[in-house]
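Coordinates in review
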Amino acid sequence: MSLGGLSLNLRSSGIYIAFALIVALFSVLTDGALLTPQNISNIIVQNSYVLILAIGMILVIIAGHIDLSVGSVVAVTGGLAAVLMVNMSVPWPLALLITLLAGALIGAWQGYWIAYFGIPAFIVTLAGMLLFRALTLTVLGNQGIGPFPDQVRTLANGFTSGYLGNIGLGALGGADLFSLLVAVAAVAGMVAAQWRSRTARQGYGQVVDPMAVFVLKMAAGAALILFLVVQLARFNNLPWVLVLLAVLVLAYSLMANRTVFGRQVYAIGGNLQAAVMSGVRVKSVVFWIFVNMGVLSAVAGIIFAGRLNQAGPTAGNAFELDAIAAAFIGGAAVQGGVGKIVGAITGGLIMAVINNGMSLIGSPSERVMLVKGAVLLAAVAFDVWTKRRAGAAR
């Protein structure tokens with residue numbers, strides 16, 4: 001599509017445009033309450049576990065698979081962490097390490113049946129959904145276990161300290177200087193990484209966005225980061241879970257785009273037979289994708305339990321649906337081979353804004369589900385439409 005002489009790739013940019021429009025819509029409907037510092041902080045903290053799951057789910061979907069068990073894995077790993085820290089008085093660092101190892105073993109169990117035994121991921125993870133929910137009920141019974149140590153609760157609900165004090169922002173009041181410096185560093189890093197990527201693609205003779213489009217994208221990204229951090233810095237500074245999310249997004253984006261393993265994941269989902277013929281160790285890659293999903297599910301389980309300050313038998317219900325929806329809304333292709341970590345995070349944030357915005361305007365739960373279902377269907381329909389349009393243009 002062309003706007004004033006500027007070319008725009010709807011498939012890659014449409015999700016970000018949709019996110020901006022949804023935020024603008026609910027900002028108007030809520031009379032600005034959506035974008036208040038406290039509400040933005042609440043959106044991040046309350047949806048952090050879904051965003052963590054979305055990072056792992058997008059890789060699973062890119063490889064052409066699905067994982068229906070992540071909600072149950074969140075529950076069982078959260079329950080394990082509670083038993084270790086509360087009932088057995090295991091030191092919290094060791095308890096967290098054991099919980100992450102348990103998540104990896106769960107992922108390895110499912111990855112073995114999928115990669116090496118050849119059972120479809122849908123069936124294996126559907127069985128896992130039932131197995132690990134049953135295990136959760138066995139461990140916890142019908143009661144929750146808590147409270148968690150302060151360090152775990154701080155990771156889930158806490159905020160960074162004002163290391164350098166506050167700085168005046170005129171009509172906006174004061175904001176944490178350290179958080180603002182982090183935002184400036186994040187913007188600089190984003191621009192440097194994108195410029196390097198653009199230069200490298202030009203060096204290989206690949207098509208890149210016109211300079212005007214590139215500058216517009218960088219300006220929009222910088223404005224979003226600065227606005228977000230300024231609002232958070234005006235409230236209670238940066239949530240620790242946001243710091244964790246930023247580290248995960250950066251690490252997994254580099255892995256997906258800059259490593260052999262990441263390119264192999266895309267190759268498997270894009271064309272399995274070609275990947276096999278190219279020497280990709282498909283079984284090994286698929287196995288480790290599910291191990292990774294198990295570890296991230298354990299991280300989400302710890303965060304969710306720490307936020308509630310107890311592990312409960314119903315934890316994680318429908319989390320798999322939110323994570324899958326985030327991946328598809330964020331641009332993952334139904335057939336696999338397409339998707340980005342940042343896109344999955346954006347898809348998760350769209351779901352979070354819809355939930356939060358409709359709650360602020362007093363919409364009933366059935367209407368929220370109706371809108372979320374419509375958005376998911378529209379996202380997948382848009383993916384199918386763009387593919388058909390691209391095929392017809394050839």
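Residues numbered from 1 in each chain as written. Predicted model: local features only at pLDDT ≥ 70, side-chain atom pairs only at ≥ 80, totals over all residues. Heavy atoms only, no water.

1. Structural notes on the pattern of salt bridges
When their charged atoms lie close together, side chains carrying opposite charge are able to pair. Spelled out, the test is: A side-chain nitrogen of Lys or Arg and a carboxyl oxygen of Asp or Glu constitute a salt bridge if their distance falls within 4 Å. Runs of H or I in DSSP of at least four residues are treated as helices and runs of E of at least two as strands, each being numbered from the N terminus. The buried label goes to any residue with under 20% of its type's maximum accessible area, the exposed label to any with over 50%, and the partly exposed label to all in between, with areas taken from a 1.4 Å probe on protein chains only.
Tallied over the entire structure, the rule returns 2 salt bridges. Note that D150 is salt-bridged to R153, the shortest N-O span being 2.1 Å. Of this pair, D150 and R153 both sit in helix α6 (residues 150-157), 3 residues apart, which is roughly one turn of that helix. Linking K372 and D322 is a salt bridge whose minimum nitrogen-to-oxygen distance equals 3.7 Å. Of the two residues, K372 sits in helix α15 (residues 365-393) while D322 sits in helix α13 (residues 319-329), which places them 50 residues apart along the sequence. By relative accessible area, which is 16% here, K372 ends up buried.

2. Some details on the environment of L245
The following threshold applies: Any two residues whose heavy atoms approach within 4.5 Å at even a single point are treated as in contact.
Along the polypeptide, L245 turns up in helix α9 (residues 240-258). Of the residues examined, L245 reaches a relative accessible area of 6% and is grouped as buried. Sequence separation between L245 and G158 is 87 residues, and the spatial gap between their C-alpha atoms is 14 Å. Not counting residues within four places of it along the chain, the set of residues in contact with L245 comprises S48, L51, I52 and I55.

3. Comments concerning helix α8 (residues 211-235)
Note the cut-off: In a helix, the anticipated span is given by 1.5 Å times the number of residues less one.
Over its 25 residues, α8 runs 36 Å from end to end, which matches the ideal 36 Å to within 8%, given 1.5 Å per residue. Within α8, the full set of buried residues consists of V213, F214, M218, G221, A222, V229, V230, Q231, L232 and A233. Two residues or fewer past α8, N237 is found with a positive phi of approximately 75 degrees.

4. Overview of empty space enclosed by the protein
Operational definition: A cavity here means a set of points on a 1 Å grid, drawn over the protein atoms and nothing else, where a 1.4 Å probe fits but cannot get out; a pocket is an open set with protein on both sides within 12 Å along at least five of seven lines, and a residue lines either one if it has an atom within 4 Å of a point. Grid points are joined across faces, edges and corners, and a volume is the space filled by probe spheres set on the points. Under the scheme applied, nonpolar residues are Ala, Val, Leu, Ile, Met, Phe, Trp, Tyr, Cys and Pro; charged residues are Asp, Glu, Lys and Arg; polar residues are all the others, including Gly.
Counted by the stated rule, this structure contains 1 cavity of 30 Å³ or more. By volume, the largest cavity is sized at about 30 Å³. Residue lining of the largest cavity: V74, A75, G78, G79, G301, F304, A305, Q310, A311, G312 and A315, and that is the complete set. For the lining of the largest cavity, the secondary-structure elements that each account for two or more residues are α3 (70-87) and α12 (282-308). In terms of residues, the lining of the largest cavity owes the most to one element, α3, which gives 4 residues. Residues of the lining of the largest cavity, tallied by class, amount to 6 nonpolar, 5 polar and no charged.

5. Considerations on the domain arrangement of the protein chain
Note the cut-off: Where each domain begins and ends is defined by an automated method or by a domain database. The term buried area refers to how much accessible surface (probe radius 1.4 Å) is lost by two components on association, counted for both of them together. Within 3.5 Å is the distance limit for a polar contact, defined as a pair of N or O atoms, with the added protein rule that one can donate a hydrogen and the other accept it, and that residues adjacent in sequence qualify only through two side-chain atoms.
Segmenting the protein chain into domains produces domain 1 (10-158 + 240-392) and domain 2 (162-238). A straight line from the C-alpha centre of domain 1 to that of domain 2 covers 25 Å. The interface is formed by 12 residues belonging to domain 1 together with 11 residues belonging to domain 2. When domain 1 packs against domain 2, the two sides together hide about 990 Å² of surface, and 72% of this comes from carbon and sulfur. In this assembly, domain 1 and domain 2 are joined by 0 salt bridges. Summed over the shared surface of domain 1 and domain 2, the number is 2 residue pairs in polar contact (both at pLDDT 80 or more). Contributions of two or more residues to the side of domain 1 that touches domain 2 are made by α2 (37-62) and α9. No other element matches α2, which puts 5 residues into the side of domain 1 that touches domain 2.

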